[in-house]
Amino acid sequence: MSERIEIPAGKLHEEMLNLRQGKHMDFLRSLTGMDWGEEGLGVVYHLENTNTGENIVVSTRTTDREKPELPSVSDIWKGAEFNEREVYDYYGIRFVGHPDMRRLFLRDDWVDFPLRKDFDESLNPLRMTNEEPVDTTQYMEIQHDGSVIEKRETIFEEDEYIINIGPQHPATHGVLRFRVSLEGEIIKKLDVHCGYIHRGIEKMCESLTYPQTLALTDRLDYLGAHQNRHALCMCIEQAIGVEVSERVQYIRTIMDELQRIDSHLLFSSCLCMDMGALTAFFYGFRDRERILDIFEATTGGRLIQNYNTIGGVQADIAPDFAQKVKEFIAYLRPILKEYHEVFTGNVIAQERLKGVGVLSKEDAISFGATGGTGRASGWACDVRKRHPYAMYGKVDFKEIVYTEGDCFARYMVRMDEILESMNIIEQLIDNIPEGNFQEKMKPIIRVPEGNYYTAVEGSRGEFGVYLESRGDKFPYRLKFRATGLPLVSAMETMCRNSKIADLIAIGGTVDYVVPDIDR
């Protein structure tokens, strides 16, 4: 259980700086906006020391609902910048010292803040007009006497040459939009616009029972559906004190690793297509179909996986599941050599990927860019190693880490992870124990009052679930720590001073999935 401390708003920045420097809490795992009703509006921070693995949970609040203000911590952790914009977007909390206090997902003409408990849905009729880009943002600065003044900052000057990229597929790998300032063909500034596929999943969860919330995780990172749902089930199970059978733990681990291979094959395929290598694109889709066939025989789904349940899995594995998995691994190992012959060893591809889109280890940690992006930067950030769950503490596998931090390193991390996923599956597939595939659960699940955080290693990094319960059959607050939001927040850092042609390669190797970002 992580230590939890409450810090008054007036002392928040000072105390958070002490935690960052004194206790080396260098990783901001999650930042969650909260509406505690009469107790105020606030934020819950999950912090980690990447050297020791120590975790601390910090909360702060303001009782002023008319003009709520809190100190920004974006100068301490870069990953807080987009997260604080999200909190402002949904709760209206303005962060003093934040350099860019704009909405992140919703339109600028959106009225009120939708995750507040007193939000009136009738305030926002359907708007059919285009939203005009605004090239200024609000900045709140604290003065020496403690007062706060509002300033307007310019995002793009009038004489800058700006091009628009996105939000169409496949240029930006989904409906994500970049506004890019160019000097010749060199990127000088990049402004990310999210929210084109926003569906309000976290708001919907507040009116759904716990079993009903499970269906929504599959629509976030659809290439990590097993893992997402695993995280939510695990969080609820820990909260209500349910321990699933060892058989379920084996099955969940195998499914998570098959999902990881599925995701990385699609990553490789689409990146190769981005770079003009269509042959490798067809290879990846051909081989990914074999995994989808295995999934379908047991879960009934191919892309959307609604297999994990609270207390187990929906159905036992298919009779030929183990045999099909072993056949697939025996098939894929030699095929991967062809992947490397066709694309990885291609001199032109290497020239376009090496030294491009570099992200340092320090920046990866500060942004919270975990998964393949963090490990390509030299950061050993795998949740399966840091906080083992399911069967990961009982299997032997290497955490793939490269130090270059560029596009080629991000590509190689995922290609090598496919091999490690196969190694994990091979250690488990012949040893699945007998036991229940589903524990008996009450028809109405009520989670004890409290707050809980659980994370898994998704296909793109840490996918976390923060749950706050008031003892009801509905969650009071359910926050999903998206794998993609830290990744897109680092895009400007990775792209700056690169060529515009490199933007597609950088975005492709970062490997975000847009519905996971927008939620």
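Look a little higher up for the structure.
Computed from a predicted structure; not experimentally measured.

### Regarding the overall build of the protein
So, step 1. On a plain count of helices and strands, the protein comes out with 17 helices and 16 strands.
So, step 2. Relative to the globule expectation of 24 Å for 519 residues, the C-alpha radius of gyration of the protein, 23 Å, shows essentially globular dimensions.
So, step 3. Each principal axis of the C-alpha distribution contributes one length, and for the protein these read about 70 × 60 × 50 Å.
So, step 4. Every one of the 519 residues in the protein was classed for burial, and the buried ones make up 59%.
So, step 5. Contacts in the protein between residues far apart in sequence, at least 24 positions, make up 66% of those at least 6 positions apart.

### What about the packing of aromatic side chains?
So, step 1. What the rule picks out here adds up to 13 aromatic pairs.
So, step 2. Between Tyr392 and Phe397, the ring centres sit 6.2 Å apart and the planes meet at 70°, which makes this aromatic pair edge-to-face.
So, step 3. Judged by relative accessible area, Tyr392 falls into the buried class, the value being 2%.
So, step 4. Since its relative accessible area comes to 4%, Phe397 is described here as buried.
So, step 5. Above the ring of Trp36, the side-chain terminus of Arg61 is found at 4.1 Å from the ring centroid.
So, step 6. Sitting over the ring of Phe408, Lys354 keeps its end group 5.1 Å from the ring centre.

### Some details on the pattern of salt bridges
So, step 1. Across all of its chains, the model carries 44 salt bridges by this definition.
So, step 2. One connected set of salt bridges, linked through shared partners, spans Glu257, Arg260, Arg375, Asp382, Arg384, Glu417 and Glu457.

### Here's the deal with the sheet that holds strand β16 (residues 477–481)
So, step 1. Read across the open sheet, the three strands follow the order β14-β15-β16; overall the sheet is antiparallel. Where the open sheet ends on each side, the last strands, each with one partner, are β14 (450–458) and β16. Geometrically, the sheet is characterised by an average inter-axis angle of 10° between neighbouring strands, direction not taken into account.
So, step 2. Judged from the five bridges that link them, strand β15 (residues 461–469) and β16 form a sheet pairing that is antiparallel. Looking across to β16, one finds that Leu467 is bridged to Leu478.
So, step 3. Contacting β14, β15 and β16, helix α5 (residues 225–240) crosses the sheet at an angle of about 150° to β14.

### Points about the packing of helix α6 (residues 246–274) against helix α13 (residues 407–429)
So, step 1. Where α6 meets α13, the closest approach of the two axes is 9 Å, and the angle between their N-to-C directions is 155°. Judged on the interaxial angle alone, α13 and α6 are roughly antiparallel. Pair α6 / α13 crosses with left-handed handedness. Taken together, the residues of α13 that come into contact with α6 (itself represented by Tyr250, Thr253, Ile254, Glu257, Leu258, Arg260, Ile261, His264, Leu265, Phe267, Ser268 and Leu271) are Arg410, Tyr411, Arg414, Met415, Glu417, Ile418, Ser421, Met422, Ile424, Ile425, Leu428 and Ile429.
So, step 2. Counted by class, the contact of α6 with α13 contains 15 nonpolar, four polar and five charged residues.

### Examining the packing of helix α7 (residues 278–299) against helix α8 (residues 321–344)
So, step 1. In contact at an axis separation of 11 Å, α7 and α8 are set at 170° when each is read in the N-to-C sense. Taken together, the axes of α7 and α8 lie roughly antiparallel to each other. Along its contact with α7, which presents Thr279, Ala280, Tyr283, Gly284, Arg286, Asp287, Arg290, Ile291, Ile294 and Thr298, the element α8 presents Phe321, Lys324, Val325, Phe328, Tyr331, Leu332, Ile335, Glu338, Tyr339, Val342 and Phe343.
So, step 2. Residues of the contact of α7 with α8, tallied by class, amount to 13 nonpolar, three polar and five charged.

What counts and how
- Residues numbered from 1 in each chain as written.
- Predicted model: local features only at pLDDT ≥ 70, side-chain atom pairs only at ≥ 80, totals over all residues.
- Heavy atoms only, no water.
- Helix = DSSP H or I, 4+ residues; strand = E, 2+ residues; numbered from the N terminus.
- Rg over C-alpha atoms; globule rule 2.2 N^0.38 Å.
- Buried < 20%, exposed > 50% of the residue type's maximum accessible area, 1.4 Å probe, protein only.
- Contact = heavy atoms within 4.5 Å.
- Phe/Tyr/Trp six-rings, centres within 6.5 Å; stacked < 30°, edge-to-face > 60°.
- Lys NZ or Arg CZ within 6 Å of the ring centre and 35° of its normal.
- Salt bridge = Lys/Arg side-chain N within 4 Å of Asp/Glu carboxyl O.
- Pairing = 2+ DSSP bridges.
- Axes fitted to C-alpha atoms, helices over the stretch in contact; angles between N-to-C directions.
- Parallel < 35°, antiparallel > 145°, perpendicular 65-115°, else oblique.
- Left-handed = near helix turned anticlockwise from the far one by under 90°.
- Nonpolar A, V, L, I, M, F, W, Y, C, P; charged D, E, K, R; others polar.

The analysis is restricted to geometry; functional conclusions fall outside its scope.
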